[in-house]
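Geometric and topological summary
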Number of protein chains: 2
Amino acid sequence: MNNLDWSNNRNLSMLADFYEFTMANGYLENDMEGKIAYFDMFFRSIPDDGGYGIMAGVEQLIEYLKNLRFSDRDIEYFRSKGIFSEKFLKYLRNFKFTCDVWAFKEGTPIFPREPIVIVRGPMVQAQLIETMILLTINHQSLIATKASRIVRAAEGRPVIEFGSRRAHSYEAAILGARAAYIGGCMGTANTIVDRDFNIPAMGTMAHSWIQSFNTELEAFKAYARVYPDNCYLLVDTYNTLKQGIPNAIKTFNEEVLPRGFRPKGIRIDSGDMAYLSKEARKMLDEAGFPDCTIMASSGLDEYIITDLINQGAKINLFGVGERLITAMSEPIFGGVYKLTALEENGKIIPKIKISENVGKITTPSFKQVHRLFDKTTNKAIADVVTLHEEEIDDTKPYEIFHPLFTWKRKVIENFYVEKLLVKIFDKGEQVYKNRNIHEIKEYTSKNIENLWQEVKRFENPHEYVVDLSLKLWTIKDKLLKEKTDS
Amino acid sequence: MNNLDWSNNRNLSMLADFYEFTMANGYLENDMEGKIAYFDMFFRSIPDDGGYGIMAGVEQLIEYLKNLRFSDRDIEYFRSKGIFSEKFLKYLRNFKFTCDVWAFKEGTPIFPREPIVIVRGPMVQAQLIETMILLTINHQSLIATKASRIVRAAEGRPVIEFGSRRAHSYEAAILGARAAYIGGCMGTANTIVDRDFNIPAMGTMAHSWIQSFNTELEAFKAYARVYPDNCYLLVDTYNTLKQGIPNAIKTFNEEVLPRGFRPKGIRIDSGDMAYLSKEARKMLDEAGFPDCTIMASSGLDEYIITDLINQGAKINLFGVGERLITAMSEPIFGGVYKLTALEENGKIIPKIKISENVGKITTPSFKQVHRLFDKTTNKAIADVVTLHEEEIDDTKPYEIFHPLFTWKRKVIENFYVEKLLVKIFDKGEQVYKNRNIHEIKEYTSKNIENLWQEVKRFENPHEYVVDLSLKLWTIKDKLLKEKTDS
């Protein structure tokens, strides 16, 4: 992450909801700045009614937390508002981040109602970082989750992220492409992403290239002369079957083969892609180019790709644009950040937020998430949310139970356990080393393989089990009864 | 735009689709770098089946174009790819932007099929900037358009942008808040937007504030003591009607009034907001606080706001989050960038892109857009896309006609004309002075006032007329016949 012109030394400390600062000032005024608080980030539902989400954005979260500081200009800004105390302004000027932070590793499948980020630290600090934690993790997890769906629909055919021009601003394009790569895309159309993240950028020509020459054939030949070994031709500017593909074949025969190369492919960007790709395949095969790739790239997503494959479309490679980079079908990943405990005299006092909507009641206290895997198949069986220091002994059978319908019980045997919340900051110091992006992508892929097929299907996926340990459940139940009795 | 820590001196020149560079290199190899090309950015449909869009993002586009340059590191990146010529690398090293650029002013209502940005300049340059032009204008226009809908639905009640935590990355939050302000929001929750764009940031407390104290009443009182003159209380942490509002009233009576202030308001963030707001209004009125504002802020958009108002909800102020900042109901603004002409020996040669889909056929040549306003009402009557140098004489009746159904004709009288494409760069030098954001907001509001009510309604809005001048239509028709005959 060094040397990123667009991100280096950027300070996003002021990217926070104003209420974070009014509350922070309020905590100071009430002498509560040192009070230790615990916050969970979690989410309540998976976009597109999917069976799993993919964690992403941790690296950018780390960058942000490392750079937390307030400039003189920031202090002046707050002073000008006339509502912040000098004590608070001084606090901001000397601000030093000292929280502990835990997070799921990027690429880990994530499920509703489990903490995917935990912050422990002085109330004021833990509060100030809310907006950026949510923004960072929500965005990249949204795109990684969507990419994972699209890649799955493509059933092994490569998918390239193509959506920069419709992204919601610059970092949505750049970090969206990063998240899409984590989620399984093989590359991006966006050059800066290749330069800065080493994610392969790809692309050849737009319709304007074709239009810049007197004829389509002339345009193809000119391109083939410059890129004989990477000759990908866009065939739909005028008429795909009558003109585009015949001209492409002519170009391959006259300009590519004579130079000792095989043609790489054609791209279809409009029209009926099921029909066109099948016709194109026949024409290319007959011309002696069965190895010539057919790429499709117009308005695609997991639903349309599935449909194209079901129709027997002969597409080898998908370029997926706006519907991936905006997660169009459900463009919101609804992560929230809730207070779960306070410390009093070194003791953890669990806190709960009640709601008439049962799904909105929070789970109190300081936690860990344990993922139980089947020893024989390596498949993930269930996640158990426990108290932070709790251990699950995988040498013995372990009983899990549904947190609402507690008679639903199951004994797990022959399993091993992984703790999913990894410490990334210890007293404000980064303790987690970022992995390289290709490792993260590999890790994601391995993790998705470890999910049961039933969790991965598009229609009515099996709801992956996220339970509470008996200890944690007991604390929540007690607090719930206290609060609703009062 | 000075002194933005997060954006200053950022160089986004490499934020471009890879094919822009392969084409650019190809143009150089074919000795076409100096060829003068014309490109239009336009869009084909308005999100949410709305009657108008709002232009936004021009200021950021200008920033980008002013900073176009390629670093040694960029050159090395391209060299490492092994497909770019040394001539091209040298070209990039000495890159100087020399294009002419025209754009609609920010805040102008925009309609399908009219050029909202035009670029004229050397082929290579005009091509390289495609991705960023589209990205910048698409994003902010999307959000400004959505904000305008939401603000309209609120029928005069103020709307605040509240969505940072669900934005698609950092600039989506920051520039999205900027666009929302242009579109009519009165402020944002995002602090950095206030610091850098002088757009008022607002906010008071989260549920965590309430939870940090032993009781809700204690939390309210603590807040009121710190902010007696800006006392906005969040009343839904435990039970809005039974506990939240009674505690708020108690706090107002005991902590706000004695200090000589009036309470500002309450905020409801969950539950049935129609019912709760009506009950809350009664309770506050009875307690002597008819001036106490009721703010609502959960899952709102133009549809829900309309519905709430129809139900007689007593809400004075709306905080609109995720559905605005992501334009959830349709998160894509589909602007495209198409070659429209080339110059040969100083003569403009119009270019067209054919498609079986009539809506996707481009309009060739170098253009201007004229908006015709009724002299009596100031309402916008129609836009006429003309050749760039064409004048519309508003002292005489002017006949417009439908570009497809040419028998649909209408003579306009008693009108005045405004040319909407304003030059922002002349031979690579900025010639348009950015207006301040409040002026842009004012300008937007005035322009929306000048649209007929029929264009603004949510259901089946009247399709605003965008016609071609006879001269431009004749060129298009001729080219269309030539291309389809061949």
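Residues numbered from 1 in each chain as written. Chains lettered and ligands numbered in written order. Predicted model: local features only at pLDDT ≥ 70, side-chain atom pairs only at ≥ 80, totals over all residues. Heavy atoms only, no water.

Labelled according to an unreviewed UniProt entry, chain A appears under the name Nicotinate phosphoribosyltransferase, originating from Tissierella creatinophila DSM 6911. We quote the UniProt Pathway (unreviewed entry) comment for chain A here in full: "Cofactor biosynthesis; NAD(+) biosynthesis; nicotinate D-ribonucleotide from nicotinate: step 1/1." (UniProt positions renumbered as here; feature names shortened; annotations may be inferred.)

A few words on the overall build of chain A. The helix and strand tally for chain A stands at 17 helices and 21 strands. When its C-alpha atoms are laid out on the principal axes, chain A stretches across 80 × 60 × 35 Å. When the 486 residues of chain A are sorted by exposure, 63% land in the buried category. For chain A, restricting intrachain contacts to residue pairs at least 6 apart in sequence, the fraction spanning at least 24 positions comes to 74%. Looking at chain A, you have 63 positive and 66 negative side-chain charges, and the mean spots of the two groups are 1 Å apart. (Helix = DSSP H or I, 4+ residues; strand = E, 2+ residues; numbered from the N terminus. Buried < 20%, exposed > 50% of the residue type's maximum accessible area, 1.4 Å probe, protein only. Contact = heavy atoms within 4.5 Å. Lys, Arg positive; Asp, Glu negative; His and termini not counted. Charge placed at Lys NZ, Arg CZ, Asp CG, Glu CD.)

With that settled, consider the packing of aromatic side chains. Applying the stated rule across the entire model yields 48 aromatic pairs over all chains. Considering the side-chain rings of Trp 209 of chain A and Tyr 223 of chain A, the 5.5 Å spacing of their centres and the 90° angle between planes classify their relative orientation as edge-to-face. Placement of Trp 209 of chain A in helix H9 (residues 207-211) and of Tyr 223 of chain A in helix H10 (residues 216-226) is noted, with a sequence separation of 14 residues between them. In this structure Tyr 223 of chain A comes out as buried when scored by relative accessible area, which is 0%. Over the ring of Phe 458 of chain B we find Arg 152 of chain B, and its NZ or CZ is 4.6 Å from the ring centre. The aromatic ring of Phe 401 of chain B is capped on one face by Arg 409 of chain B, whose charged end is 4.9 Å from the ring centroid. (Phe/Tyr/Trp six-rings, centres within 6.5 Å; stacked < 30°, edge-to-face > 60°. Lys NZ or Arg CZ within 6 Å of the ring centre and 35° of its normal.)

In screw terms, the move from chain B to chain A is a rotation of 180° and a rise of 0.0 Å along the axis, fitting with an RMSD of 0.0 Å. The transformation relating the two chain copies, once decomposed into turn and shift, fits a two-fold axis. Both copies present the same face, since 100% of the interface residues in chain B are matched by interface residues at the equivalent positions in chain A. (Least-squares fit on C-alpha atoms with pLDDT ≥ 70 in both.)

What follows covers the domain arrangement of chain A. Its domain assignment divides chain A into domain 1 (18-143 + 331-485) and domain 2 (203-292 + 301-312). Computed over C-alpha atoms, the centres of domain 1 of chain A and domain 2 of chain A are 48 Å apart. (Domains from an automatic or database assignment.)

This part is about helix H13 (residues 302-310) of chain A. All names here are of chain A. Those residues of H13 lying buried are Glu 302, Ile 305, Leu 308 and Ile 309. Seen along its axis, H13 keeps its buried residues to an arc of 125°; they face one direction. In this structure, the buried residues of H13 make contact with helix H6 (130-153), helix H12 (273-286) and strand E11 (317-320). You can read the cap of H13 off the contacts: a side-chain oxygen lies 3.0 Å from the backbone nitrogen of Tyr 303, and it is on Asp 301. (Arc of directions from axis to C-beta. Polar contact = N/O pair within 3.5 Å; in protein donor to acceptor, adjacent residues only side chain to side chain.)

A word on unusual backbone geometry. Backbone geometry places Lys 427 of chain A, a non-glycine residue, at a positive phi of 45°. Phi at Ser 169 of chain B is positive, roughly 85°, even though this residue is not glycine. The class of Ser 169 of chain B is buried, set by a relative accessible area of 2%.

Attention now goes to the UniProt feature "domain: Nicotinate phosphoribosyltransferase C-terminal" (unreviewed entry) in chain A. Following the UniProt record, one finds the feature "domain: Nicotinate phosphoribosyltransferase C-terminal" (unreviewed entry) at residues 367-476 of chain A. Across residues 367-476 of chain A, the secondary structure splits into 22% helix and 36% strand, with the terminal C-alpha atoms separated by 12 Å.

Before going further, it helps to examine the UniProt feature "domain: Nicotinate/nicotinamide phosphoribosyltransferase" (unreviewed entry) in chain A. As recorded in UniProt, the feature "domain: Nicotinate/nicotinamide phosphoribosyltransferase" (unreviewed entry) lies at residues 160-362 of chain A. Taken as a whole, residues 160-362 of chain A contains 39% helix and 16% strand, while its terminal C-alpha atoms sit 38 Å from one another.

Further remarks concern the pairing of strand E10 (residues 293-296) of chain A. Residue and element names in this part refer to chain A. Of the two faces of E10, the one carrying Thr 293 and Met 295 and the one carrying Ile 294 and Ala 296 are both buried. Of the strand pairs in this sheet, strand E9 (residues 265-268) and E10 are connected by four bridges, and their pairing is parallel. Following the sheet pairing, Ile 268 is matched in E10 by Ala 296. Handedness of the crossover joining E9 and E10 through H12 is recorded here as right-handed. Across two bridges, E10 lies against E11 in parallel orientation. Note on E11: the bridge partner recorded for Met 295 is Leu 317. On the question of chirality, the crossover connecting E10 to the parallel E11 by way of H13 is right-handed. (Pairing = 2+ DSSP bridges. Right-handed = clockwise from strand over helix to strand, strands pointing away.)

The next point concerns the pattern of salt bridges. Residue and element names in this part refer to chain A. On inspection of all chains with the given rule, the structure shows 83 salt bridges over all chains. For Asp 31, the salt bridge is made with Lys 87, and the minimal N-O distance between the two is 3.1 Å. You can see Asp 31 sitting in the loop between helix H1 (18-29) and strand E1 (36-42) and its partner Lys 87 sitting in helix H4 (residues 86-93), a full 56 residues away along the chain. For Asp 31, a relative accessible area of 60% corresponds to the exposed category. Its salt-bridge partner being Asp 100, residue Arg 120 comes within 3.4 Å of it at the nearest N-O pair. Taken together, the residues span a long stretch of sequence, with Arg 120 in strand E5 (residues 117-122) and Asp 100 in strand E3 (residues 100-103) at a distance of 20 residues. (Salt bridge = Lys/Arg side-chain N within 4 Å of Asp/Glu carboxyl O.)

How two helices sit against one another is set out by the angle between their axes and by the gap between those axes. All names here are of chain B. Here helix H3 (residues 72-81) crosses helix H4 (residues 86-93) at 165°, and the two axes come no closer than 10 Å. Classified by the interaxial angle, the pair formed by H3 and H4 is roughly antiparallel. Considering how the two elements wind past one another, H3 and H4 form a crossing that is right-handed. Contact with H3, carried on its side by Ile 75, Phe 78 and Arg 79, involves Glu 86, Leu 89, Leu 92 and Arg 93 of H4 and no other residues of that element. A class-by-class count of the residues in the contact of H3 with H4 yields four nonpolar, no polar and three charged. (Axes fitted to C-alpha atoms, helices over the stretch in contact; angles between N-to-C directions. Parallel < 35°, antiparallel > 145°, perpendicular 65-115°, else oblique. Left-handed = near helix turned anticlockwise from the far one by under 90°. Nonpolar A, V, L, I, M, F, W, Y, C, P; charged D, E, K, R; others polar.)

Once that is clear, we can look at a nonpolar patch on the surface. Residues Val 358, Leu 404, Phe 405 and Trp 407 of chain A make up a contiguous nonpolar surface patch of roughly 460 Å² in combined accessible area. Of note, Trp 407 of chain A is situated in the loop between strand E16 (398-401) and strand E17 (409-412). (Patch = residues over 30% accessible without salt bridge, like charges linked within 9 Å, V, L, I, M, F, W, Y side chains within 5 Å. Areas by Shrake-Rupley, 256 points an atom, 1.4 Å probe, with all protein chains shown as cover.)

Our next topic: the side chain of Arg 166 of chain A. Looking at where Arg 166 of chain A falls in the secondary structure, it is placed in the loop between strand E6 (159-161) and helix H7 (170-182). In contact with Arg 166 of chain A, not counting residues within four places along its chain, are Glu 322, Ile 325 and Thr 326 of chain A together with Asn 138, Ile 332, Phe 333, Gly 334, Gly 335 and Val 336 of chain B.

A few words on the interface of chain B and chain A. Counting residues at the interface gives 103 residues for chain B, matched by 103 residues for chain A. The contact between chain B and chain A buries some 8900 Å² in all, and 56% of this surface belongs to carbon and sulfur atoms. When the buried surface of chain B facing chain A is broken down by residue, Arg 165, His 168 and Tyr 170 of chain B rank first, second and third, together holding 10% of it. Inspection of the chain B/chain A interface yields 12 salt bridges. Across the salt bridge formed by Arg 195 of chain B and Asp 74 of chain A, the nearest N and O atoms sit 2.5 Å from each other. Linking chain B with chain A are 46 residue pairs in polar contact (both at pLDDT 80 or more), by the criterion used here. Looking at the side of chain B that touches chain A element by element, the count peaks at 10 residues for helix H1 (residues 18-29) of chain B. The class makeup of the residues in the side of chain B that touches chain A is 51 nonpolar, 28 polar and 24 charged. (Buried area = accessible area lost by both parts, 1.4 Å probe.)

Let us now look at the sheet that holds E10 of chain A. Residue and element names in this part refer to chain A. Strand order in the open sheet made by the six strands is E7-E6-E11-E10-E9-E8, with parallel pairing throughout. Single-partner strands in this sheet number two, and they are strand E7 (187-188) and strand E8 (232-234). With three bridges connecting them, E6 and E11 associate as parallel partners. Across the sheet, the residue bridging to Val 159 is Phe 318, located in E11.

Moving on to the environment of Leu 257 of chain A. Residues and elements named next belong to chain A. With respect to the element layout, Leu 257 can be found in the loop between helix H11 (240-256) and E9. You can call Leu 257 partly exposed: its relative accessible area is 31%. Sequence separation between Leu 257 and Asn 94 is 163 residues; the distance between their C-alpha atoms is 67 Å. Setting aside its immediate chain neighbours within four residues, Leu 257 contacts Phe 252, Arg 262, Pro 263 and Phe 289.

With that out of the way, let us pick up the sheet that holds strand E15 (residues 380-387) of chain A. Residues and elements named next belong to chain A. Strand order in the open sheet made by the four strands is E18-E14-E15-E21, with mixed pairing throughout. Whereas interior strands pair on both sides, the edge strands pair on one side only; in this sheet they are strand E18 (415-419) and strand E21 (465-468). Across the sheet, the mean angle separating the axes of adjacent strands is 25° when strand polarity is ignored. Note: strand E14 (residues 367-374) against E18, five bridges, orientation antiparallel. Among the inter-strand pairings, His 370 is bridged to a residue of E18, identified as Lys 419.

It is worth spelling out the pairing of strand E19 (residues 422-426) of chain A at this point. Residue and element names in this part refer to chain A. In terms of strand pairing, E3 meets E19 through three bridges, oriented antiparallel. Within the sheet, the bridge partner assigned to Ala 103 lies in E19 and is Val 422. Sheet topology places E19 next to strand E20 (residues 429-430); two bridges connect them, and they run antiparallel. Each residue of the ladder has a partner; that of Phe 425, found in E20, is Gln 430. Joining the antiparallel neighbours E19 and E20 is a turn of two residues, in which Lys 427 adopts a positive phi near 45°.

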